[in-house]
Structures are given as structure tokens and as C-alpha cells.
Amino acid sequence: MFMYRTGLTVFFALFSVMLLFLPLSLTGCLASLGKEAEAIPVTHSENEGSAAGENEGGLDEREKELAERALKEEQERLAREERIRLEERRKVELGSFYVPLPPLGGQKENNPVKARGIYLTGNTVGHPRYRELLDLVESTELNAVVIDVKNDHGLVTYPTEIEIVKQVGADLNVPIKDLKAVLDELHSKNIYTIARVVVFKDPYLAEQKPEWSIQRKGGGLWRDRKGVAWINPYDRNVWEYNIAIAREAALLGFQEIQFDYIRFPENAHIVDKEAYFPGGDAPKEEVIAEFLAYAREQLKDYNVYLSADVFGVIATSWGDSDRIGQTWEEMSPHIDYICPMVYPSHYGPGYFGFSVPDAHPGETVGYALSDALKRNATLSKPAIIRPWLQSFTASSWVAGAITYGPAEIRRQIETAQSMGIDEYLLWNANNRYQRESLLVAGAPDPVLEQFFQSREAGLDSLGRTPGQAVEIFLEAIRTRDWREAFALQITEFTMDYRSYPAWKEKWTARPVYCAVEHPEVPAGGSAGPLWVNLEVHLTVEGEEFKLAGEKWEVKLENHLWRVRPSDTFLRLMTYNPGAEG
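In this text, all values refer to a predicted model and were calculated from it rather than measured experimentally.

Peer 1: An account of the sheet that holds strand S15 (residues 560–564) is requested, with residue identities and associated values reported.
Peer 2: Backbone-to-backbone hydrogen bonds pair the strands of a sheet. The strands run either parallel or antiparallel. Spatial strand order, S12-S13-S14-S15: four strands in an open sheet with antiparallel pairing. Each having just a single partner strand, strand S12 (510–516) and S15 make up the two edges of the open sheet. Direction aside, the axes of adjacent strands within the sheet are offset by 35 degrees on average. Lying on the sheet, helix H15 (residues 466–478) is in contact with S12, strand S13 (530–540), strand S14 (543–557) and S15; it crosses S12 at an angle near 165 degrees.

Peer 1: Tell me what's going on with the confidence of the model for the protein, and back it up with residues and numbers.
Peer 2: Per-residue confidence for the protein gives a mean pLDDT of 90; residues scoring 70 or more make up 89%. Contacts for the low-pLDDT stretch residues 1–54, under 50 throughout, to residues beyond four places or in other chains number zero contacts.

Peer 1: Requested: an account of the packing of aromatic side chains, with residues and values cited.
Peer 2: Considering all chains together, one arrives at 32 aromatic pairs under this definition. Seen in terms of ring centroids, Phe-473 and Trp-552 are 6.3 Å apart; in terms of plane orientation they differ by 75 degrees. Their pairing is edge-to-face. You can see Phe-473 sitting in helix H15 and its partner Trp-552 sitting in strand S14, a full 79 residues away along the chain. Accessibility expressed as a relative area gives 0% for Phe-473, which makes it buried. Judged by its relative accessible area of 0%, Trp-552 falls in the buried class. Relative to Tyr-500, the ring of Phe-486 lies with its centre 4.8 Å away and its plane at 35 degrees, an arrangement referred to as tilted. Here the residue Phe-486 occupies a position in helix H16 (residues 482–488), and Tyr-500 occupies one in helix H17 (residues 499–504), the gap between them amounting to 14 residues. When sorted by exposure, Phe-486 lands in the same class as Tyr-500, which is buried. One aromatic cluster in this structure is built from Trp-318, Trp-482, Phe-486, Tyr-500, Trp-503 and Trp-507. A cation sits over an aromatic face here: Arg-375 above Trp-318, 3.8 Å from the ring centre.

Peer 1: Got a sec to walk through the nonpolar core? Specific residues and values, please.
Peer 2: Grouped together as the largest cluster of nonpolar side chains are 122 residues, with contacts concentrated most on Ile-118, Tyr-241, Ile-257, Phe-259 and Ile-262. Not counting chain neighbours up to four residues away, the residues in contact with Tyr-241 comprise Phe-97, Lys-150, Ile-164, Val-165, Val-168, Ala-170, Asp-202, Leu-205 and Trp-212. Among the nonpolar cores identified, the runner-up in size contains 34 residues, and Trp-503, Trp-507, Val-516 and Val-536 belong to it.

Peer 1: Residue-level account of the pattern of salt bridges, with values.
Peer 2: What the rule picks out here adds up to 41 salt bridges. Linking Glu-81 and Arg-77 is a salt bridge whose minimum nitrogen-to-oxygen distance equals 2.5 Å. One end of the pair is Glu-81 and the other is Arg-77, both in helix H2 (residues 48–94) and four residues apart, which spans about a single turn. Between Lys-284 and Asp-272 there is a salt bridge whose closest N-O contact spans 2.9 Å. Of the two residues, Lys-284 sits in helix H10 (residues 284–298) while Asp-272 sits in helix H9 (residues 268–274), which places them twelve residues apart along the sequence. Accessibility expressed as a relative area gives 12% for Lys-284, which makes it buried. On the accessibility criterion, Asp-272 (25% relative accessible area) is partly exposed. One continuous salt-bridge network, built from bridges that share partners, spans Arg-116, Glu-141, Arg-410, Glu-414 and Asp-445.

Peer 1: Any details on helix H6 (residues 179–188)? Residues and values, ideally.
Peer 2: Taken residue by residue, H6 has Leu-179, Val-182, Leu-183 and Leu-186 as its buried positions. The arc enclosing the buried residues of H6, seen along the axis, measures out at 95 degrees, which places them on a common side. Where the residues of H6 are buried, they touch helix H3 (122–125), helix H4 (130–139), strand S2 (144–150), strand S3 (192–198) and helix H8 (236–252). Positive phi appears at Asn-190, one or two residues downstream of H6, with a value of about 60 degrees.

Peer 1: A description of unusual backbone geometry should follow, citing residues and the corresponding values.
Peer 2: Even without being a glycine, Glu-492 presents a positive backbone phi close to 60 degrees. One can find Glu-492 in the loop between H16 and H17. Although it is not a glycine, Phe-493 adopts a positive phi angle of roughly 60 degrees. When you line up the elements, Phe-493 lands in the loop between H16 and H17. You can call Phe-493 partly exposed: its relative accessible area is 30%.

Peer 1: Now, about helix H13 (residues 406–417): what can you tell me, with residues and values included?
Peer 2: For H13, spanning twelve residues, the distance from its first C-alpha to its last is 16 Å, which sits close to the expected 16 Å at 1.5 Å a residue. Glu-408, Ile-409, Arg-410, Gln-412, Ile-413, Thr-415, Ala-416 and Gln-417 are the residues of H13 that are buried. Close packing links the buried residues of H13 with strand S1 (116–120), helix H12 (361–377), strand S10 (388–390), strand S11 (424–427) and helix H14 (446–456).

Peer 1: So, the packing of H4 against H6: which residues are in play, and what are the values?
Peer 2: Closest axis-to-axis distance for the H4/H6 pair is 12 Å, and the angle between their directions is 25 degrees. By the angle class used here, H4 and H6 are roughly parallel. Once H4 is placed against H6, the crossing between them reads as right-handed. Residues Tyr-130, Arg-131 and Leu-134 of H4 form the contact with H6, whose participating residues are Val-182, Glu-185 and Leu-186.

Peer 1: Account for the side chain of Gln-326, with residues named and values stated.
Peer 2: Its location among the elements puts Gln-326 in the loop between strand S7 (305–311) and helix H11 (328–331). Engagement of the side chain of Gln-326 in a polar contact is seen with the backbone oxygen of Ile-262, the distance being 3.4 Å. Here the side chain of Gln-326 touches Phe-311 through a polar contact of 3.0 Å, landing on its backbone nitrogen. Beyond its immediate chain neighbours, meaning those up to four positions away, Gln-326 contacts Ile-262, Arg-263, Asp-309, Val-310, Phe-311, Ile-314, Gly-319, Asp-320 and Met-331.

Peer 1: Talk me through the pairing of S7; I want residue IDs and the actual numbers.
Peer 2: A large share of S7 lies buried, amounting to six of its seven residues. As defined by bridge partners, strand S5 (residues 256–260) adjoins S7 across four bridges and the pair is classed as parallel. Within S7, the position partnered with Gln-258 by the bridge is Ser-307. Pairing of S7 with strand S8 (residues 337–341) involves five bridges; the strand directions are parallel. Looking at S8, one finds that Asp-309 is bridged to Cys-339.

Peer 1: Give a description of the pairing of S2 that names residues and reports values.
Peer 2: Among the seven residues of S2, seven are classified as buried, and the element is accordingly described as predominantly covered. Relative to S2, S1 is paired through four bridges, and the arrangement is parallel. Bridge pairing links Leu-120 to Ile-147 in S2.

About the criteria used
- Per chain, residue numbering runs from 1 following the sequence as it is written.
- Local features in a predicted model are, by the rule used here, given only for residues with pLDDT of at least 70; side-chain atom pairs are given and counted only at 80 or more, and totals for whole chains, interfaces and linings are based on all residues.
- Each side-chain value is worked out from all heavy atoms of the structure, with water and hydrogens disregarded.
- Strand pairing requires that DSSP identify at least two bridges connecting the strands.
- Only DSSP runs of H or I reaching four residues or more are called helices, and only runs of E reaching two or more are called strands; each is numbered from the N terminus.
- In this description, a line fitted to the C-alpha atoms serves as the axis of each element, helices being fitted only across the stretch in contact, and the angle between N-to-C directions of two axes falls anywhere from 0 to 180 degrees.
- Contacts between residues were defined by any pair of non-hydrogen atoms, one from each residue, lying within 4.5 Å.
- Residue-level confidence of the predictor is summarised by pLDDT, bounded by 0 at the bottom and 100 at the top.
- Pairing of aromatic rings covers Phe, Tyr and the six-membered ring of Trp, with a centre-to-centre limit of 6.5 Å; geometry is then stacked below 30 degrees between planes, edge-to-face above 60, and tilted otherwise.
- Burial classes follow relative accessibility: with a 1.4 Å probe on protein chains only, a residue under 20% of its type's maximum area counts as buried, one over 50% as exposed, and anything between as partly exposed.
- For a ring to carry a charge above it, either NZ of a lysine or CZ of an arginine must fall within 6 Å of the ring centroid while also lying within 35 degrees of the normal to the ring plane.
- To form a nonpolar core, buried Ala, Val, Leu, Ile, Met, Phe, Trp, Tyr and Cys residues must be joined to one another through side-chain atoms within 4.5 Å.
- We define a salt bridge as a contact between a side-chain nitrogen of Lys or Arg and a carboxyl oxygen of Asp or Glu at a distance within 4 Å.
- Taking the helix axis as origin, the arc is that swept by the directions to the C-beta atoms.
- For a helix, the expected span equals 1.5 Å multiplied by the number of residues minus one.
- Should an angle fall under 35 degrees it is called roughly parallel, over 145 degrees roughly antiparallel, and 65 to 115 degrees roughly perpendicular, with every other angle called oblique.
- Throughout, a crossing is termed right-handed when the near helix is turned clockwise from the far one, and left-handed when it is turned anticlockwise from it by less than a right angle.
- The term polar contact refers here to a pair of N or O atoms within 3.5 Å; inside protein, the definition further demands a hydrogen-donor-capable atom paired with an acceptor-capable atom, and it admits residues adjacent in sequence only when both atoms are side-chain atoms.

Put into C-alpha cells, the structure is as follows:
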């Protein structure tokens, strides 16, 4: 046994030595073969070397493509997983108000449209007459429709997946059975789609959720003069309810969400005596502005524009004068489109100097939109003005009202266009519109063409030249018309509708003479500022100051020429001789 083990040991030792010398031997053989190979001439085809390079490059490109594809797939997988986690969190946070986010992978482009549209109820869309109205839009200058998704009764008009809406039963009888199909057809015809959501006037939800509603001070639900209950704008549940419907409308394909009845009940002098608003500590106008800001934030991922319908009169009155929560300056910056309802029938006797504004459709709309343009001029980022125009006759409730036929409707449209307001919406509660009031599709629009020519000539949307803007500003200062002065003065948007009238109270000077040199506006209009030379005389407590050689900047801001007075002029405006020394 011992000798056997010894023999094995010797064998393995010898084998190991052979393994050590084997690589050296092979190396020598290979080297020898290499030398012989060098001596043998080798012939290649002309393209052999380049083909090899191309194959090598092709493999590199292929590998790169595969790597990029793998990376993209991994990123998409991670995004899907993150979306699943996000949606699970949102389901918990939103509860019965939950609506999913738009699907991953991008959304269709939603480019802005100069909308010219008509209002349609859900019942109309579900009725055979809808085809006639669709033909009206396709064959005329119209290009948009506003469709109820939540109507004046608080009922949704389509089958919803929102749990809270189903819980309260606001979807029990929907007239539009397949809203997605309706929207797909409208998009195929390049018709812009706007979803109307009636917000705070919601009698159905008020009855189903009385704890979310405006309360009567003596107990129970508060109701307006028609017996209609309203939901409480201070209640965050109400906000989430309406935003959920807006989200779903966006998912279905609407390009714009339009909030209507975005206010408190009218006749506030009566309402505020009778009603109690739970949680109502902040001023009404702040609550409405906060809702719009919140809605915009909540809808930012849904690729929709946001608009709001407002009383036309809020462009003419200042502050929340009607105490319904609608103040132009508070609402306009939070939305893409502000839609004042400038129906002549909605202005009472005396407005704009007319005993019956309804009998003067063009003039009434002109004064109203002039005020709207001035209000927007003072804001750094205002909404686009898109007015609601009257396409109905109001003789049943307006004394002295006239019949609104094609001429009266057309007059309103052309008045807006003469100011450069080239989009509008027509309202008729019964959805009956007059083809004769509209231009045929593709026809030239002489009023708009004339407006653009006036802009080329240096006029702003109110037909003013830079020099005239200076003259009107000085006249407004002389007469202490702070509203007109505010609309015309460049302040870099550092003053607002509250601070400007406070500054006006400090004015001591009054212009008594001015001589303005009207500058020539460059052909094609002016994108930058112009300079106006003038002389102006001011009196302060009987003492006259002559400012000669003044040079004021005038700039087109928000479609109006606005004026920057000199520092000397502004100092004199609040000069107090008695304070010297």
C-alpha cells in the first residue's frame, strides 16, 4: 500500500512539471507558425475590409439601439409602477371624489382656438335636432359648442364613473348615452368642445347633501325666491364634487371646462339677512377666487383650458358691489377665458344712458366690452375676453324689449369684432339659433379686417391713438375719474383696484392745460413703446406749475395704449406746499 501511494505521488509530480512547460512550447510553435504565415502572400477582395468595418459598425448600432430600447422599456415600466402607486394614494386621498389621471403616453395636442360657439343642453345633444345644429356649426362661421355636463338642476348629462355622483343619484336619467362618441365626432369635424359645469347653483345636491348647503339662520335649507336651494361655496366637499366632474369631462375629451354660476346667490341684501354660510369667514370674492385657483391646480394634468361665466355688469361695477363673490380683478388671473354675459336684456334702466338697454344691442355690448377691456388692461396676466351674446328675445320679462332677429344678433357680434374681440358664444336656453345672423363658413369678415387695418394704423382696441390716450388720461386726472386713469396708467402692475383709489385720495394737483404732439406710429403698428412730447400745466392750491418739454412713454398693454407719466408729474400730483419746511 505504501509503495502504491509513493508511485502515485511521483506520477502527479511529473505531470505537473509537464503542464508548466506546455504553454512555453505552444507559444514557440505559434510564433513559428506566425513567421511562416508572414511569408505567404494573402489576397483580399476590394470590399472585404470595408464590409468587415460596416458589419462591425452595424453591430455597434444594433447594440446601441437595443440598449436604448431596453432603457426606454425600463423607464416606462418604472413610470407605470409609479403611476399605480400614485393612483392608489389618490384613491385614498380623494375617496368618493376619485377620478383617475389621464393615461400615460401623452395626450392629444390642445391648441388654443378662437371659439365661436353655441350653447347646447344635454337633452338637445340626445335629440334628433342635434344633427341640425351640428350642420349649423359646420356650415357657418361657428366652430365650437358648449355642452352641459352638469346642468342648472344639478344633474349630470352622461353616464359617470364618479362614486359620489352615483351615491347622490345625480346620474339617474342621463340624456347623452355615449358622450365619448359625441366628442369623437365633434373632434373629427374640428369643432372645439367646451364642457359647461354649473357649480354653486345645485338644487339637487343641496337636497341630497343638506350639510353641504347654504343654511337658513332660523334652521333648515335656505332657498331663493324661486324655492331653489344652493350649495355652500365655502364647503370644500362642494369644490371636490365639481372638480371631479370637470376631471371626468376632460378625460372624456372636452378641450375646455367652463364653470357657470361661479358665484353666491344674487340679491345679497336679502340673502345675507336670511342665510348662514357654514365656514364662511373669508370675503365672498376671495372664496370664489380661491376656488378657481384650486380648480386650475387640480386640472393642470388634464390638458384642458379653464373658463368662467360672469355677470356682464361686473366689468362696469367695481369691487364685489353686488356681493355675489364676482370681482373682475380677482377672477380673471386664475382662468384662461373670462366670459361676461353681456346680454343687453340683463342691464337695468339707466345703464350706459339707456332707459331700455335691451333696445340698443350694439351700443350696450359696446359699452360693456369697453369696460371689460379696461379692467383687463390693469392686470399682468388677464384671461382672454370671450363674451356671451344674446340670441333670444326678452319681451316676456323686460319692459320695452325688442325682438332679437338676425340683425340684432349680428350687431352684437360685429361690435365685439370692432374691438378685436374675435371670439364669442351665443346663448339661447332653448338652443334655437338663427342661421341668418351668421356668416357662411370661410366667408371674409369685413369688420375684423377693418379692425386689423386700424391696428396697423396705430389704433388700440378702443380706437385710440397714443396721443389720444395721453389726452384722455389727463382729462381723467382733471375730473378725478380714477377708474379711467387707472385703466390708462402704466404702473408695472404694482397698483391694483384697491391701492389706486387710495392714492387718488392724495391727489392735490389738477391739470388745467395740455398740448400733446401726436406721434406717428410705424407702419404695421408698434410692438414696443412710443414717446409722446407734451406740455402740461397743473395747479396746486392756486399755484400753477408749467411742465414744458415733457416726454411720456406710451405702450400697448393688453390691447390698450397706456401712459407712463414723468416722475415730475407724479410728484406734483400729491404735492403739499404746506408740508414743506
